[in-house]
Amino acid sequence: MTAPLLALDGLSCRFGGLVAVGQVSFAVQPGEIFGLLGPNGAGKTTLFNLISGITPPSGGSVHWRGSTITGLPSHRIARLGIARTFQNLRLFGSLSCLENVLVGLHKRSRQPLIPALLGNGLFRRRQAQLEEEALALLRLLDLEPWAKQRAASLAYGDRRRLEIARALATGPELLLLDEPAAGLNPREKQELSALIRSIREQFNLSVLIIEHHVPLMMELCDRLAVLNFGERIALGTPEQVRRDPAVIEAYLGTSR
Ligand SMILES: Nc1ncnc2c1ncn2[C@@H]1O[C@H](COP(=O)(O)OP(=O)(O)OP(=O)(O)O)[C@@H](O)[C@H]1O
Ligand SMILES: [Mg+2]
């Protein structure tokens, strides 16, 4: 078996007396689409915050390609090749779609952003290349017609895809998606599933996805972990997870 890309070992996070994440362990393999399921408040987003360096863990460790990255600040983790989208979108609403993606590309290229955005002559040629790249990403996510429009003016589903475009622009090896299908209609959900697969192939990356829509997760993911009250109650293939009595009781048996 190849070395895992990302491994969590007994990862924990406490908020006062509340254990939001309790000793969670699992590993994501290169090229895998790995799902995180669990009821509201189960600790899924907190786990993403621990992995991406937004919240420091109270215990346990995070490993990237075998090295410990526990507690590193979020910009360093992003530079390693871990990109994420947010449950509550965090786009630059007053910037255009193109500019939002350019922000991601600049994180990768480390070219100063401000002169480039202002069109300073020195940067113009490189800027044209970056714009081409940004447009290609927008095209891939079916957003090219809206390239010059303000991000805030887009329909909800389009904004969700713009977040994915921006995350992809940073050149990640692992993409963390926090509820990318929330608020999408059934057709958009189906398209999203195909899109995530094609992104995996095209960019040769792994995906860790949080999503409440169980059929989508079962169809999309190679393996899944299920959280309940911060603890990992199941881990396995969609078939194994679907049959797990603890999952049926804690999650699939609920009305959601
Ligand atoms: N910054 C914080 N301070 C205090 N408690 C928090 C904080 N962030 C999350 N929590 C609590 O931790 C628990 C886990 O929250 P989290 O947002 O990780 O759940 P989730 O699984 O993502 O839920 P949802 O499906 O609703 O998005 C919840 O009880 C939440 O209220
Ligand atoms: Mg959440």
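Peer 1: Quick question: what am I supposed to make of the sheet that holds strand S7 (residues 174-178) here?
Peer 2: The pairing of strands in a sheet happens through backbone hydrogen bonds and is either parallel or antiparallel. The mixed open sheet is built from 6 strands, whose spatial order is S6-S7-S8-S3-S9-S10. Each edge of the sheet is formed by a strand with only one pairing partner; in this case those strands are strand S6 (82-84) and strand S10 (231-236). Averaged over all adjacent pairs, the angle separating strand axes in this sheet is 15°, with direction ignored. In terms of strand pairing, strand S3 (residues 33-37) meets strand S9 (residues 223-228) through 4 bridges, oriented parallel. Note that in S9 the partner of Gly35 across the bridge is Leu224.

Peer 1: Is there a simple way to explain the nonpolar core in this structure?
Peer 2: Ranked by size, the top nonpolar core spans 47 residues in total, and within it Leu138, Leu162, Leu175 and Ile209 carry the most contacts. If one sorts the elements of this core by residue count, helix H6 (residues 156-169) sits on top with 6 residues. Split by domain, this core shows at least three residues from each of two domains, domain 1 (1-81 + 172-256) and domain 2 (94-171). The contact partners of Leu138, leaving out residues within four places of it in the chain, are Cys97, Leu98, Val101, Leu143, Glu144, Ala147 and Leu162. In this structure, Val24, Phe26, Leu72 and Leu176 belong to the second largest nonpolar core, which totals 28 residues.

Peer 1: Looking at this model, I keep getting lost on the packing of aromatic side chains. Mind explaining?
Peer 2: Any aromatic ring pair is given by two values, namely how distant the centres are and how the planes are angled relative to each other. Using the criterion set out here, one finds 1 aromatic pair in the structure. Summarising the aromatic geometry, the rings of Phe26 and Phe34 are spaced 4.6 Å apart at their centres and angled 10° between planes, so their arrangement reads as stacked. Take Phe26 and Phe34: they sit in the same class, and that class is buried. In this arrangement the basic side chain of Arg65 is found over the ring face of Trp64, its NZ or CZ atom lying 6.0 Å from the centre. The ring centre of Phe86 lies 4.0 Å from the NZ or CZ of Arg90, which sits over that ring.

Peer 1: I would appreciate a short explanation of the pattern of salt bridges in the present structure.
Peer 2: Pairing between side chains of opposite charge can happen when the charged atoms of each approach one another. Enumeration according to the criterion identifies 11 salt bridges in this entry. Across the pair Glu201 and Arg200 runs a salt bridge, and its minimum N-O distance is 3.2 Å. Of the residues examined, Glu201 reaches a relative accessible area of 54% and is grouped as exposed. In this structure, a network of salt bridges that share partners links the residues Arg200, Glu201 and Asp222.

Peer 1: How do you make sense of the side chain of Arg161 when you look at a structure like this?
Peer 2: Summarising the element assignment, Arg161 is placed in helix H6. Setting aside residues no more than four positions away along its own chain, Arg161 makes contact with Leu141, Asp142, Leu143 and Leu195.

Peer 1: Help me understand the site of ligand 1, please; the structure alone is not making it clear to me.
Peer 2: Surrounding ligand 1, one finds 14 residues, the nearest of these being Gly41, Lys44, Thr46, Gln87 and His212. Here Gly41 contributes a backbone N or O atom positioned 2.8 Å from an oxygen atom of ligand 1. In this structure, Thr46 approaches ligand 1 through a side-chain N or O atom, which is 2.5 Å from an oxygen atom. Protein contact buries 61% of the 640 Å² of open area that ligand 1 shows by itself. Counting residues per element, the shell around ligand 1 draws most heavily on helix H1 (residues 44-51), which supplies 3 residues. The residue inventory of the shell around ligand 1, partitioned by class, reads 5 nonpolar, 7 polar and 2 charged.

Calculation rules
- Residues numbered from 1 in each chain as written.
- Chains lettered and ligands numbered in written order.
- Predicted model: local features only at pLDDT ≥ 70, side-chain atom pairs only at ≥ 80, totals over all residues.
- Heavy atoms only, no water.
- Pairing = 2+ DSSP bridges.
- Helix = DSSP H or I, 4+ residues; strand = E, 2+ residues; numbered from the N terminus.
- Axes fitted to C-alpha atoms, helices over the stretch in contact; angles between N-to-C directions.
- Core = buried A, V, L, I, M, F, W, Y, C linked by side-chain atoms within 4.5 Å.
- Buried < 20%, exposed > 50% of the residue type's maximum accessible area, 1.4 Å probe, protein only.
- Domains from an automatic or database assignment.
- Contact = heavy atoms within 4.5 Å.
- Phe/Tyr/Trp six-rings, centres within 6.5 Å; stacked < 30°, edge-to-face > 60°.
- Lys NZ or Arg CZ within 6 Å of the ring centre and 35° of its normal.
- Salt bridge = Lys/Arg side-chain N within 4 Å of Asp/Glu carboxyl O.
- Near = heavy atom within 4 Å.
- Polar contact = N/O pair within 3.5 Å; in protein donor to acceptor, adjacent residues only side chain to side chain.
- Areas by Shrake-Rupley, 256 points an atom, 1.4 Å probe, with all protein chains shown as cover.
- Nonpolar A, V, L, I, M, F, W, Y, C, P; charged D, E, K, R; others polar.

From the geometry alone we can't say anything about function, so treat these as descriptive.
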